[in-house]
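Per-entry structural report
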Amino acid sequence: MTDWLSFAEYSVGTHSGYVNIGDLPPLPFFVIRGAKDGPRLVVTAGIHASEYTGIESARRLAQTDPKSLSGMLVILPIVNMAGFWARSIYVNPLDGKNINRVFPGRADGSPSERLTHWIVENAMRGATAHIDLHCGDMNETLTPFVLFAKGDAKGEHMARLFGLPYAVASTARGHSYGAAFSIGVPSMLAEMDGNGLWTEPGVKGVLAGVQRIMADLGMIKRRGAKPAAPKILTMRVTTAPKSGFWHPAVKLRQRVKANQVVGTVSGILGEFKEKIVAGHDGFIIYYATSLATNAGEALFGVAVKADG
Ligand SMILES: [Zn+2]
(Lines give C-alpha, C1' and ligand atoms only; values in the text may rest on other atoms or scores of the structure.)
Protein backbone atom coordinates (compact mmCIF):
# COMPACT_ATOMS: atom_id res chain seq x y z
CA MET A 1 0.00 0.00 0.00
CA THR A 2 1.29 3.41 -0.97
CA ASP A 3 0.01 6.85 -0.09
CA TRP A 4 -1.40 9.13 -2.76
CA LEU A 5 1.60 11.31 -3.61
CA SER A 6 2.37 14.03 -6.11
CA PHE A 7 3.03 12.19 -9.39
CA ALA A 8 6.73 13.09 -9.52
CA GLU A 9 7.27 11.28 -6.23
CA TYR A 10 6.34 7.81 -7.50
CA SER A 11 9.25 5.55 -8.34
CA VAL A 12 9.25 3.23 -11.37
CA GLY A 13 6.86 0.36 -10.66
CA THR A 14 3.28 -0.33 -9.65
CA HIS A 15 1.87 1.47 -6.63
CA SER A 16 -1.58 1.02 -5.13
CA GLY A 17 -3.52 2.20 -2.14
CA TYR A 18 -6.54 4.12 -0.97
CA VAL A 19 -6.73 7.88 -0.89
CA ASN A 20 -8.69 9.55 1.89
CA ILE A 21 -10.79 12.49 0.76
CA GLY A 22 -12.27 13.98 3.91
CA ASP A 23 -14.96 11.66 5.28
CA LEU A 24 -15.66 9.95 1.93
CA PRO A 25 -15.08 6.19 1.60
CA PRO A 26 -11.36 5.59 0.87
CA LEU A 27 -10.85 5.69 -2.91
CA PRO A 28 -8.78 2.85 -4.43
CA PHE A 29 -6.07 3.80 -6.91
CA PHE A 30 -3.20 2.37 -8.92
CA VAL A 31 -0.29 4.44 -10.18
CA ILE A 32 2.03 2.68 -12.61
CA ARG A 33 5.16 4.58 -13.40
CA GLY A 34 6.89 3.30 -16.50
CA ALA A 35 10.59 2.72 -16.94
CA LYS A 36 10.69 5.66 -19.37
CA ASP A 37 9.15 9.08 -18.96
CA GLY A 38 6.18 9.98 -21.11
CA PRO A 39 2.50 10.95 -21.07
CA ARG A 40 0.16 10.57 -18.11
CA LEU A 41 -3.08 8.75 -18.87
CA VAL A 42 -5.86 8.77 -16.26
CA VAL A 43 -8.44 5.97 -16.37
CA THR A 44 -11.57 6.12 -14.21
CA ALA A 45 -14.18 3.38 -13.77
CA GLY A 46 -17.02 2.58 -11.41
CA ILE A 47 -18.46 6.10 -11.45
CA HIS A 48 -21.60 4.01 -11.96
CA ALA A 49 -20.96 1.30 -9.45
CA SER A 50 -22.74 -1.64 -11.10
CA GLU A 51 -21.19 -1.10 -14.52
CA TYR A 52 -18.88 -4.02 -14.09
CA THR A 53 -17.19 -4.28 -17.48
CA GLY A 54 -15.55 -0.90 -16.92
CA ILE A 55 -14.49 -1.83 -13.40
CA GLU A 56 -13.08 -5.23 -14.37
CA SER A 57 -11.25 -3.68 -17.33
CA ALA A 58 -9.68 -1.04 -15.06
CA ARG A 59 -8.62 -3.78 -12.61
CA ARG A 60 -6.92 -5.70 -15.42
CA LEU A 61 -5.30 -2.58 -16.84
CA ALA A 62 -3.53 -2.25 -13.49
CA GLN A 63 -1.52 -5.35 -14.49
CA THR A 64 0.30 -3.27 -17.14
CA ASP A 65 4.01 -4.02 -16.89
CA PRO A 66 5.95 -0.88 -15.84
CA LYS A 67 9.01 -2.19 -17.69
CA SER A 68 7.25 -1.84 -21.04
CA LEU A 69 5.52 1.43 -20.19
CA SER A 70 6.59 4.96 -21.09
CA GLY A 71 4.92 7.52 -18.85
CA MET A 72 2.35 7.00 -16.15
CA LEU A 73 -0.94 5.21 -15.87
CA VAL A 74 -3.23 6.49 -13.11
CA ILE A 75 -6.22 4.19 -12.51
CA LEU A 76 -9.22 4.87 -10.26
CA PRO A 77 -11.03 1.52 -10.70
CA ILE A 78 -14.05 2.17 -8.45
CA VAL A 79 -14.92 5.84 -8.06
CA ASN A 80 -18.29 5.15 -6.41
CA MET A 81 -17.19 2.91 -3.53
CA ALA A 82 -20.38 3.29 -1.48
CA GLY A 83 -22.36 2.33 -4.55
CA PHE A 84 -20.11 -0.63 -5.35
CA TRP A 85 -20.86 -2.41 -2.07
CA ALA A 86 -24.55 -1.47 -2.33
CA ARG A 87 -24.66 -2.58 -6.03
CA SER A 88 -26.46 0.67 -6.68
CA ILE A 89 -27.85 1.83 -10.01
CA TYR A 90 -27.06 5.34 -11.32
CA VAL A 91 -26.33 7.06 -8.00
CA ASN A 92 -23.97 7.45 -5.09
CA PRO A 93 -25.93 6.21 -2.03
CA LEU A 94 -24.23 8.89 0.10
CA ASP A 95 -26.23 11.71 -1.50
CA GLY A 96 -28.50 10.11 -4.10
CA LYS A 97 -26.66 11.94 -6.89
CA ASN A 98 -25.50 10.60 -10.23
CA ILE A 99 -21.74 11.19 -10.05
CA ASN A 100 -21.57 11.54 -13.82
CA ARG A 101 -23.93 14.51 -13.73
CA VAL A 102 -22.10 16.61 -11.11
CA PHE A 103 -18.63 17.03 -12.68
CA PRO A 104 -16.58 19.15 -12.08
CA GLY A 105 -18.04 19.18 -8.57
CA ARG A 106 -17.15 21.59 -5.79
CA ALA A 107 -14.88 21.49 -2.77
CA ASP A 108 -17.66 22.29 -0.30
CA GLY A 109 -20.46 20.31 -1.95
CA SER A 110 -22.23 17.00 -1.32
CA PRO A 111 -20.21 13.74 -1.23
CA SER A 112 -20.49 13.22 -5.02
CA GLU A 113 -19.55 16.85 -5.68
CA ARG A 114 -16.53 16.66 -3.39
CA LEU A 115 -15.46 13.38 -5.00
CA THR A 116 -15.65 14.76 -8.56
CA HIS A 117 -13.90 17.96 -7.50
CA TRP A 118 -11.06 15.89 -6.05
CA ILE A 119 -10.76 13.78 -9.23
CA VAL A 120 -10.68 16.84 -11.51
CA GLU A 121 -8.11 18.70 -9.41
CA ASN A 122 -5.88 15.82 -8.33
CA ALA A 123 -6.07 13.15 -11.02
CA MET A 124 -7.17 14.86 -14.25
CA ARG A 125 -5.50 18.26 -14.07
CA GLY A 126 -2.26 18.28 -16.05
CA ALA A 127 -2.86 14.80 -17.51
CA THR A 128 -2.19 14.01 -21.16
CA ALA A 129 -5.52 12.24 -21.60
CA HIS A 130 -8.42 10.69 -19.70
CA ILE A 131 -10.60 7.65 -20.38
CA ASP A 132 -13.77 6.86 -18.40
CA LEU A 133 -14.91 3.22 -18.48
CA HIS A 134 -18.64 2.55 -18.21
CA CYS A 135 -21.12 -0.17 -19.18
CA GLY A 136 -24.88 -0.39 -19.41
CA ASP A 137 -26.11 -0.13 -15.84
CA MET A 138 -27.77 -3.04 -13.96
CA ASN A 139 -31.08 -2.13 -15.63
CA GLU A 140 -29.83 -1.26 -19.13
CA THR A 141 -28.81 -3.01 -22.31
CA LEU A 142 -26.78 -1.27 -24.99
CA THR A 143 -24.83 -1.67 -28.17
CA PRO A 144 -21.18 -0.76 -27.53
CA PHE A 145 -20.28 2.87 -28.16
CA VAL A 146 -18.02 5.68 -27.00
CA LEU A 147 -18.77 9.30 -26.13
CA PHE A 148 -16.68 12.43 -26.30
CA ALA A 149 -17.40 16.11 -25.72
CA LYS A 150 -18.37 17.82 -28.96
CA GLY A 151 -15.50 20.11 -29.91
CA ASP A 152 -12.83 17.98 -28.20
CA ALA A 153 -10.85 17.12 -31.36
CA LYS A 154 -8.26 15.02 -29.51
CA GLY A 155 -11.02 13.25 -27.57
CA GLU A 156 -12.72 12.49 -30.89
CA HIS A 157 -9.42 11.12 -32.20
CA MET A 158 -9.27 8.78 -29.17
CA ALA A 159 -12.91 7.79 -29.69
CA ARG A 160 -12.16 6.92 -33.32
CA LEU A 161 -9.22 4.72 -32.26
CA PHE A 162 -11.09 2.85 -29.54
CA GLY A 163 -12.54 0.32 -31.97
CA LEU A 164 -16.27 0.42 -31.17
CA PRO A 165 -18.78 0.86 -33.99
CA TYR A 166 -20.40 4.11 -32.80
CA ALA A 167 -19.07 7.35 -31.33
CA VAL A 168 -21.44 9.91 -29.84
CA ALA A 169 -20.51 13.61 -29.90
CA SER A 170 -22.06 14.80 -26.64
CA THR A 171 -23.15 18.23 -25.52
CA ALA A 172 -24.48 16.94 -22.16
CA ARG A 173 -23.19 18.66 -19.04
CA GLY A 174 -21.83 17.28 -15.78
CA HIS A 175 -19.94 14.38 -17.33
CA SER A 176 -16.36 13.30 -16.67
CA TYR A 177 -15.23 13.79 -20.26
CA GLY A 178 -16.62 17.32 -20.45
CA ALA A 179 -14.89 18.26 -17.19
CA ALA A 180 -11.59 16.87 -18.48
CA PHE A 181 -11.93 18.72 -21.80
CA SER A 182 -12.74 21.97 -19.98
CA ILE A 183 -9.33 21.85 -18.28
CA GLY A 184 -7.52 20.95 -21.51
CA VAL A 185 -7.39 17.17 -21.06
CA PRO A 186 -8.69 15.17 -24.07
CA SER A 187 -11.18 12.58 -22.92
CA MET A 188 -13.64 9.89 -23.94
CA LEU A 189 -16.05 7.48 -22.27
CA ALA A 190 -16.58 3.83 -23.30
CA GLU A 191 -19.85 1.88 -22.95
CA MET A 192 -19.72 -1.92 -23.20
CA ASP A 193 -22.05 -4.73 -21.95
CA GLY A 194 -24.84 -4.11 -19.42
CA ASN A 195 -27.52 -5.62 -17.18
CA GLY A 196 -25.09 -6.24 -14.34
CA LEU A 197 -23.01 -8.62 -16.46
CA TRP A 198 -19.39 -8.29 -17.42
CA THR A 199 -18.17 -10.49 -20.24
CA GLU A 200 -14.72 -11.64 -21.23
CA PRO A 201 -15.13 -10.35 -24.82
CA GLY A 202 -16.40 -7.05 -23.41
CA VAL A 203 -13.40 -6.64 -21.10
CA LYS A 204 -11.00 -7.67 -23.88
CA GLY A 205 -12.60 -5.14 -26.22
CA VAL A 206 -12.25 -2.34 -23.66
CA LEU A 207 -8.64 -3.24 -22.89
CA ALA A 208 -7.79 -3.36 -26.59
CA GLY A 209 -9.31 0.10 -27.02
CA VAL A 210 -7.39 1.58 -24.08
CA GLN A 211 -4.18 -0.02 -25.32
CA ARG A 212 -4.65 1.38 -28.83
CA ILE A 213 -4.88 4.83 -27.27
CA MET A 214 -1.83 4.14 -25.09
CA ALA A 215 0.09 3.07 -28.21
CA ASP A 216 -1.06 6.19 -30.04
CA LEU A 217 0.20 8.32 -27.11
CA GLY A 218 3.56 6.51 -27.28
CA MET A 219 3.11 4.78 -23.89
CA ILE A 220 3.37 1.22 -25.22
CA LYS A 221 4.40 -0.41 -28.48
CA ARG A 222 1.76 -0.24 -31.16
CA ARG A 223 -0.29 -3.38 -31.27
CA GLY A 224 -2.98 -4.51 -33.65
CA ALA A 225 -4.39 -2.98 -36.77
CA LYS A 226 -6.15 0.37 -36.81
CA PRO A 227 -9.87 -0.32 -36.30
CA ALA A 228 -12.62 0.60 -38.72
CA ALA A 229 -13.78 4.18 -38.21
CA PRO A 230 -16.92 4.45 -36.06
CA LYS A 231 -20.08 6.20 -37.18
CA ILE A 232 -20.23 9.62 -35.49
CA LEU A 233 -23.64 10.22 -33.93
CA THR A 234 -25.55 12.32 -31.48
CA MET A 235 -27.92 10.79 -28.93
CA ARG A 236 -31.39 11.85 -27.77
CA VAL A 237 -32.52 10.37 -24.47
CA THR A 238 -36.20 9.88 -23.58
CA THR A 239 -37.09 9.77 -19.89
CA ALA A 240 -40.10 8.32 -18.08
CA PRO A 241 -42.97 10.82 -17.65
CA LYS A 242 -44.28 8.92 -14.61
CA SER A 243 -43.23 6.11 -12.29
CA GLY A 244 -44.63 2.69 -13.09
CA PHE A 245 -44.15 -0.39 -15.25
CA TRP A 246 -41.95 0.04 -18.33
CA HIS A 247 -42.64 -2.25 -21.28
CA PRO A 248 -40.18 -1.62 -24.11
CA ALA A 249 -41.33 -2.70 -27.57
CA VAL A 250 -38.02 -2.38 -29.42
CA LYS A 251 -34.70 -4.16 -29.79
CA LEU A 252 -31.16 -2.82 -29.81
CA ARG A 253 -30.13 -1.17 -33.07
CA GLN A 254 -33.75 -1.17 -34.26
CA ARG A 255 -34.47 1.79 -36.53
CA VAL A 256 -37.25 4.05 -35.33
CA LYS A 257 -39.02 7.07 -36.77
CA ALA A 258 -39.98 10.20 -34.86
CA ASN A 259 -43.29 9.59 -33.04
CA GLN A 260 -43.01 5.80 -33.40
CA VAL A 261 -44.14 4.00 -30.23
CA VAL A 262 -41.07 2.56 -28.44
CA GLY A 263 -42.88 1.21 -25.37
CA THR A 264 -45.40 2.03 -22.66
CA VAL A 265 -45.32 3.21 -19.06
CA SER A 266 -48.35 2.12 -17.05
CA GLY A 267 -49.58 2.53 -13.50
CA ILE A 268 -49.16 -0.25 -10.97
CA LEU A 269 -52.95 -0.71 -10.77
CA GLY A 270 -53.51 -0.02 -14.46
CA GLU A 271 -54.75 3.47 -13.70
CA PHE A 272 -52.87 4.86 -16.70
CA LYS A 273 -50.99 3.61 -19.74
CA GLU A 274 -48.87 6.08 -21.68
CA LYS A 275 -47.36 5.38 -25.05
CA ILE A 276 -43.73 6.47 -25.15
CA VAL A 277 -42.60 7.60 -28.58
CA ALA A 278 -39.26 8.31 -30.19
CA GLY A 279 -38.49 12.01 -30.48
CA HIS A 280 -36.29 11.60 -33.56
CA ASP A 281 -35.50 9.32 -36.47
CA GLY A 282 -32.55 7.08 -35.64
CA PHE A 283 -31.81 3.74 -34.02
CA ILE A 284 -32.08 2.42 -30.46
CA ILE A 285 -28.55 2.57 -29.00
CA TYR A 286 -29.60 1.62 -25.45
CA TYR A 287 -32.73 1.05 -23.42
CA ALA A 288 -33.82 0.25 -19.87
CA THR A 289 -34.74 -3.41 -19.35
CA SER A 290 -36.15 -3.25 -15.82
CA LEU A 291 -39.91 -3.50 -15.35
CA ALA A 292 -39.71 -0.69 -12.79
CA THR A 293 -39.10 2.87 -13.84
CA ASN A 294 -39.15 6.06 -11.82
CA ALA A 295 -40.32 9.33 -13.30
CA GLY A 296 -37.41 11.17 -14.89
CA GLU A 297 -35.22 8.09 -15.45
CA ALA A 298 -33.88 7.31 -18.90
CA LEU A 299 -35.99 4.81 -20.85
CA PHE A 300 -33.97 4.71 -24.09
CA GLY A 301 -31.51 6.59 -26.23
CA VAL A 302 -31.97 7.14 -29.94
CA ALA A 303 -28.78 7.55 -31.91
CA VAL A 304 -29.11 10.18 -34.60
CA LYS A 305 -26.70 11.02 -37.41
CA ALA A 306 -24.36 13.76 -36.22
CA ASP A 307 -25.61 16.13 -38.90
CA GLY A 308 -29.27 15.07 -38.45
ZN1 LIG B 1 -22.26 4.79 -16.65
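The structure presented is a predicted model; accordingly, all values stated were derived computationally and were not measured.

**With respect to the domain arrangement of the protein**
- Split into domains, the protein comes out as domain 1 (7-229) and domain 2 (236-305).
- Computed from C-alpha atoms alone, the centre-to-centre distance between domain 1 and domain 2 is 28 Å.
- Overall, the association of domain 1 and domain 2 removes approximately 940 Å² of surface from exposure, summing both partners, and the carbon and sulfur fraction of that is 64%.
- Ranking the residues of domain 1 by area buried against domain 2 places N139, T141 and T143 at the top, with a combined share of 49%.
- On inspection of domain 1 and its partner domain 2, the count reaches five residue pairs in polar contact (both at pLDDT 80 or more).
- When its residues are assigned to classes, the side of domain 1 that touches domain 2 shows five nonpolar, four polar and one charged.

**A word on the side chain of N80**
- With respect to the helices, strands and loops of the structure, N80 is situated in the loop between β4 (70-76) and α2 (81-86).
- Among the polar contacts made by the side chain of N80, one reaches the main-chain carbonyl oxygen of V91 at a distance of 3.2 Å.
- Residues in contact with N80, not counting those within four places in the same chain, are G46, I47, A49, S88, V91, N92, P93 and I99.

**Examining the coordination of the zinc ion**
- At the metal site, the zinc ion is ligated by H48 (ND1), E51 (OE), E51 (OE) and H134 (ND1), and these contacts range over 2.0 to 2.5 Å.
- One can describe the site at the zinc ion as irregular: its four donor atoms subtend angles covering 55 to 143° at the metal.
- The sequence pattern formed by the donor residues of the zinc ion is H-x2-E-x82-H. On the criterion of sequence distance, the pair formed by E51 in the loop between β3 (36-45) and α1 (52-61) and H134 in the loop between β5 (129-133) and β6 (140-142) is long-range, its members being 83 residues apart. Each member of the pair, E51 as well as H134, carries the same accessibility label: buried.

**Re the packing of aromatic side chains**
- Applying the stated criterion across every chain yields a total of seven aromatic pairs.
- Between Y166 and F283 the ring centres are 4.9 Å apart and the planes differ by 45°, which places this aromatic pair in the tilted class. Here F283 lies in strand β15 (residues 282-288) and Y166 lies in strand β8 (residues 166-170), a separation of 117 residues in the sequence. In this pair, the class of Y166 matches that of F283, namely buried.
- An aromatic cluster is present here, built from W4, F7, F29 and W118 joined pairwise through their rings.
- K242 extends its terminal NZ or CZ atom over the ring of F272, reaching a point 4.4 Å from the ring centre.

About the criteria used
- Residues numbered from 1 in each chain as written.
- Predicted model: local features only at pLDDT ≥ 70, side-chain atom pairs only at ≥ 80, totals over all residues.
- Heavy atoms only, no water.
- Domains from an automatic or database assignment.
- Buried area = accessible area lost by both parts, 1.4 Å probe.
- Polar contact = N/O pair within 3.5 Å; in protein donor to acceptor, adjacent residues only side chain to side chain.
- Nonpolar A, V, L, I, M, F, W, Y, C, P; charged D, E, K, R; others polar.
- Helix = DSSP H or I, 4+ residues; strand = E, 2+ residues; numbered from the N terminus.
- Contact = heavy atoms within 4.5 Å.
- Donors = N, O, S within 2.8 Å, 3.2 Å for Na, K, Ca; no water.
- Tetrahedral: all angles 85-135°; square planar, octahedral: opposite > 155°, others 65-115°.
- Buried < 20%, exposed > 50% of the residue type's maximum accessible area, 1.4 Å probe, protein only.
- Phe/Tyr/Trp six-rings, centres within 6.5 Å; stacked < 30°, edge-to-face > 60°.
- Lys NZ or Arg CZ within 6 Å of the ring centre and 35° of its normal.

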